[in-house]
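Descriptive analysis of the structure
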Amino acid sequence: MGPKFIRTEVQKGAYRWDPPIKSPDDLERLHFPQPSHNEEATRRTLELAYEIFDGILEVRIRGVFWWSIGLIGEWAMLRGLEQMMIDMCENPEFTHRGMRFLMEGRMHWLKRIEEMGLLSLNNENDYVGSGGFGFTDELPAEDFDGKRVRLKDLWGFSEGQEAVGLSPRMFDEFVLQYQEPILQQFGLNCYGCCEPLHDKFDIVLKRVPRLRRISISPWCDRRIAAETLQDKYIYSWKPHPGDVSAGSFDPDRIRRYIRETLEIARGCVVEMILKDTHTCCYEPERFDMWTKIAQEEAERFA
C-alpha cells in the first residue's frame, strides 16, 4: 500500500498525492513489513565479486540499511502531510494509532533481519546518520562474538523532517515517543537531517539513548546548537548547498560562511558535510574549490 502521485504536466513540476489511509478503518489494511533474503542471488554476486576483485580488494558480504527509522515520513506518505497535521489537532488518537503501528512494524522488521543474520557492522568507513563516518571504538558491544551482528552492535539513526512545523511538545508526543523504543535497540545513535532542531534539542537529548551525533542543518540556529552541544556530541554541520548549486559561485562568501560557523562552534566537535548538491551548474570544479576552502578554514581552527 502506497500513495498515488498526481502530477502536473509541467516537467519536474510539483505533485500531490492521493493517500491510501483515508479513515481509521483503513489502518486495518496495513501489515508489518516482512524481510526476505535471496541467498542464491547473494552467492552469485559474491562469486562475481571474487572473480573481479580477489587479490586486489577484500571481498565481504555486507547487509546494508542506512536510512532513517523516523516513521513520521512514512505516516505522511500514508495519510498526506497536510491531513496529518490536521489530524494531530482534530483526531490525535488516530495519529497515535498510526504511529504506534508503524513503530511496531519497524521493530518487527529490525528484529527479523537481526534473527536472519543479515546485519553488518557500521563502525568503519560507513555512512551513518544523515552524513558522517561510523568510526568508533564504542561499537560493537563488548559481548560481540565476532560473527552474528546485533542491533546493539550498530549505529542507529532517526529524524523528523516532516514534523518541522510541530511545536516541541507535539513533536515529543506524536514523533519522538515512537522513535525512542526503536533507538533503544541500537548501540549508538545519530539524530536529525534537514530539519532545524534548535527548539527541540532539550527533548532530543533527553529522549534519544546513547546519542553521539546531531545534524545541524542550514536552517538550524548555529549558536544555540553550539551552546547546547558543546563538546558532548558531534556537531554535524550541513552547510547550505546553495553555495555550490546556485547560479553564481562566490568563494569569498563561502570562506566567510565557514569561518563564521567554525568560530561559533569553537570548542565543539565539528564535522562539515556538504550534501544535497543536486546541481553544480556544469562546473564540477566547484566541489574541489569548496573542499579546499573548507580544509583551509578547518586548519585555522585546529
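Overview of the structure. Numbering of residues starts from 1 in each chain and follows the order in which that chain's sequence is written. Only residues with pLDDT of 70 or above have their local features reported here, since the model is predicted, and side-chain atom pairs are shown and tallied only from 80 upward, although totals for entire chains, interfaces and linings are computed over all residues. Note that water and hydrogens are dropped before the side-chain values are worked out from all heavy atoms of the structure.

**Looking at the packing of helix H4 (residues 92-115) against helix H5 (residues 168-183)**
Contact geometry for H4 and H5: axes closest at 10 Å, N-to-C directions at 20°. For the element pair H4 / H5, the angle class is roughly parallel. Both H4 and H5 take part in a crossing whose hand is right-handed. On the side of H4, the interface is formed by Pro92, Thr95, His96, Met99, Arg100, Met103, Arg106, Met107 and Leu110, while H5 contributes Glu173, Phe174, Val175, Gln177, Tyr178, Pro181 and Ile182. Looking at the contact of H4 with H5, its residues break down into 10 nonpolar, 3 polar and 3 charged. With axes taken as lines fitted to C-alpha atoms, and helix axes fitted only over the stretch in contact, angles between N-to-C directions fall between 0 and 180 degrees. Starting at the N terminus, helices and strands are each numbered in turn, a helix being any DSSP run of H or I of at least four residues and a strand any DSSP run of E of at least two. Should an angle fall under 35 degrees it is called roughly parallel, over 145 degrees roughly antiparallel, and 65 to 115 degrees roughly perpendicular, with every other angle called oblique. Crossing handedness follows the turn of the near helix against the far one: under a right angle anticlockwise gives a left-handed crossing, and clockwise gives a right-handed one. Only heavy atoms enter the contact rule, under which two residues are in contact if any of them lie within 4.5 Å. Note that Gly is not counted as nonpolar here; it falls among the polar residues with everything else outside the nonpolar set of Ala, Val, Leu, Ile, Met, Phe, Trp, Tyr, Cys and Pro and the charged set of Asp, Glu, Lys and Arg.

**Things to note about the pattern of salt bridges**
By definition here, a salt bridge exists when the distance from a side-chain nitrogen of Lys or Arg to a carboxyl oxygen of Asp or Glu is within 4 Å. A complete count under the given rule lists 30 salt bridges for this structure. Arg79 is paired through a salt bridge with Asp87; the nearest N and O atoms lie 2.6 Å apart. Relative accessible area serves as the criterion here: at 10%, Arg79 is assigned to the buried category. On the basis of relative accessibility, which here comes to 4%, the residue Asp87 falls in the buried class. For Asp172, the salt bridge goes to Arg207, with nearest N and O atoms at 2.8 Å. Taken together, the residues Asp172 in helix H5 and Arg207 in helix H6 (residues 201-207) connect sequence positions 35 residues apart. In this scheme, a residue with accessible area under 20% of its type's maximum is buried, one over 50% is exposed, and one in between is partly exposed, where area comes from a 1.4 Å probe on protein chains only.

**Digging into the nonpolar core**
In this structure, Trp75, Phe171, Tyr191, Ile216 and Tyr235 are the most contacted members of the largest nonpolar core, which totals 64 residues. Aside from chain neighbours lying at most four places away, what touches Tyr235 is Ile214, Ile216, Arg222, Ala225, Ala226, Leu229, Thr261, Ala265, Cys268, Val269, Val270 and Glu271. We call a set of buried Ala, Val, Leu, Ile, Met, Phe, Trp, Tyr and Cys residues a nonpolar core when their side-chain atoms join them within 4.5 Å. Judged by nonpolar contacts, the second largest core, of 6 residues, contains Val128, Trp155, Leu188 and Cys190.

**As for the state of the cysteines**
Two cysteine sulfurs form a disulfide in these notes if their separation is within 2.5 Å. A full pass over the atoms with the stated rule returns 0 disulfides. Left without a disulfide partner, Cys268 is nearest to the cysteine sulfur of Cys220, which lies 11 Å away.

**Comments concerning the pairing of strand S4 (residues 188-191)**
Regular strands have side chains that alternate between both faces of the sheet. Of the two faces of S4, the one carrying Leu188 and Cys190 and the one carrying Asn189 and Tyr191 are both buried. With respect to chirality, the unit in which strand S3 (residues 155-158) leads through H5 into the neighbouring parallel S4 is right-handed. If DSSP finds at least two bridges between two strands, the strands pair. With 3 bridges joining them, S4 and strand S5 (residues 211-216) adopt parallel strand pairing. If you follow Asn189 over to S5, its bridge partner there is Leu211. Note on handedness: a clockwise path from strand one over the helix to strand two, with the strands aimed away from the viewer, defines a right-handed crossover.

**Description of H4**
The terminal C-alpha atoms of H4 lie 34 Å apart, and with 24 residues this matches the ideal 34 Å at 1.5 Å per residue to within 8%. Looking at the residues trailing H4, positive phi occurs at Gly117, about 70°. Between the first and last residue of a helix there are one fewer steps than residues, each counted as 1.5 Å, and that sum is the expected span.

**Quick look at the sheet that holds S5**
Strand order in the open sheet formed by 5 strands is S3-S4-S5-S6-S7, and the pairing between neighbours is parallel. Every interior strand has two partners, whereas the edge strands, S3 and strand S7 (269-272), have only one. Taken pair by pair, the neighbouring strands of this sheet meet at an average axis angle of 20°, ignoring direction. H5 contacts S3 and S4 of the sheet and is inclined by roughly 150° relative to S4.

Without other data, these values stay purely geometric and don't point to any function.
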